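Descriptive analysis of the structure
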Amino acid sequence: MFNLLKGECYKLIKSKAFYISCLVAVISVIFVYGMLITASKIQSGEMENGAAGVVVSEEEMQESSTPVLEKITSLDVLQQMYANFTVFIIAVFISIFVIGEYSNGVIKNVVGKGYARWKIFLSKYFFSIVTAVFFMILMTVVTVIVGCFVGEGQVAGGTFFMDLLRYAGIQLIICIAFCGVIVTVSELCRTLGAGIAINFAIATFSTVVAMGLDYLVQLILPRSDFKVSAYWCVSLMSDCPIKDMDVKFILHVLIVSAAWIVITAGAGIFHFNKADIK
């Protein structure tokens, strides 16, 4: 198992997709802050409305004299990063990282060396999670650093860093569960184009599908409080509160995430053991 993990680490370090994904993560943070800075300057009259493609509504201009950068903190930016950019980066990178080895024959070669198939899958599963966590930590650190340079209000407040650690920690747990879904879907597809397309669709449309199922449940069972979205990773990432996170929500996230990890790891191992490797 150690040799397999060592091999996955080596492949990760040599992967161009990994470094490109890191660069995309950093650029995403800079892009969002760039939009906020532009909106703030438009609001203060330093730039024309519509500059750089940023439009501030007249209603917003009249109703609020508070600059955008004072209303939106680094935690708000992180919420957008986690719920939008991170899931796409993870979905695309893991698709390449997992499926790419089927097309170039690496998986067939590893299996031919006599390693247990469940160990091969779990080593890939583990390092995919490590990479996803690294992306989120990188994005978090860059967001806070850029926030420090952008304005005082971005990282102000006596509870900011406690809120940051709590929020980022819960999001990391949800991200690990989401990563497990992407790894297993990639293992099931084994075709790079199809895998990227399916995983990208999961990252893009799964929340909308979950909301639609919530509506359907309400139509069938109007008195029920059950929500499908409450048990889906991407929906939890979007709905995760920045502050005032209660114990009930934390326990819910832990249970749901653990369930997804067990289900995806089990399904991936089962299929990897049964399916032929060409």
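Below you will find a few notes about this structure.

What counts, and where the lines are drawn
- Each chain has its residues counted from 1, running along the sequence as written.
- Thresholds applied to this predicted model are a pLDDT of at least 70 for local features of residues and 80 or more for the giving and counting of side-chain atom pairs; totals over whole chains, interfaces and linings are not thresholded and use all residues.
- Values shown for side chains rest on all heavy atoms present in the structure; no hydrogens or waters enter the calculation.
- Ring geometry is summarised as follows: Phe, Tyr and Trp rings, the Trp one being its six-membered ring, pair when their centres sit within 6.5 Å, and such pairs are stacked at plane angles under 30 degrees, edge-to-face over 60 and tilted between the two.
- Buried, partly exposed and exposed residues are distinguished by accessible area as a fraction of the type maximum, computed with a 1.4 Å probe on protein chains only: under 20%, between the cut-offs, and over 50%, respectively.
- A pair is scored as a salt bridge if a Lys or Arg side-chain nitrogen falls within 4 Å of a carboxyl oxygen belonging to Asp or Glu.
- The secondary structure listing takes helices from DSSP runs of H or I that are at least 4 residues long and strands from runs of E that are at least 2 residues long, numbered from the N terminus.
- Surface patches are defined over residues having more than 30% relative accessible area and no salt bridge, joining like charges when they lie within 9 Å and nonpolar side chains (Val, Leu, Ile, Met, Phe, Trp, Tyr) when within 5 Å.
- In this description, accessible areas are obtained by the Shrake-Rupley approach with a 1.4 Å probe, and a residue is regarded as covered only by the protein chains that are shown.

Attention shifts here to the packing of aromatic side chains. Summed over the entire model, instances satisfying the criterion amount to 14 aromatic pairs. Look at phenylalanine 18 and tyrosine 19: their rings are 5.2 Å apart centre to centre, the planes differ by 75 degrees, and that puts the pair in the edge-to-face class. Phenylalanine 18 gets classed as buried once you look at its relative accessible area, which sits at 11%. Seen from their ring centres, tryptophan 232 and tryptophan 260 are 5.4 Å apart, and the 75 degrees between their planes marks the pair as edge-to-face.

Glancing now at the pattern of salt bridges. Within this structure, the stated rule accounts for 2 salt bridges. Arginine 166 is the partner of aspartate 163 in a salt bridge, and the nearest nitrogen-oxygen pair spans 3.2 Å. Residue aspartate 163 and its partner arginine 166 are both found in helix H8 (residues 160-189); the two are separated by 3 residues, about one turn of the helix. Overall, aspartate 163 belongs to the buried group, its relative accessible area being 8%. Notably, a salt bridge pairs glutamate 187 with arginine 190, separated by 2.4 Å at the nearest N-O pair.

Residues Phe205, Val209, Leu213, Tyr215, Leu216, Leu219, Ile220 and Leu221 make up a contiguous nonpolar surface patch of roughly 830 Å² in combined accessible area. Relative to the assigned elements, tyrosine 215 resides in helix H9 (residues 192-220).

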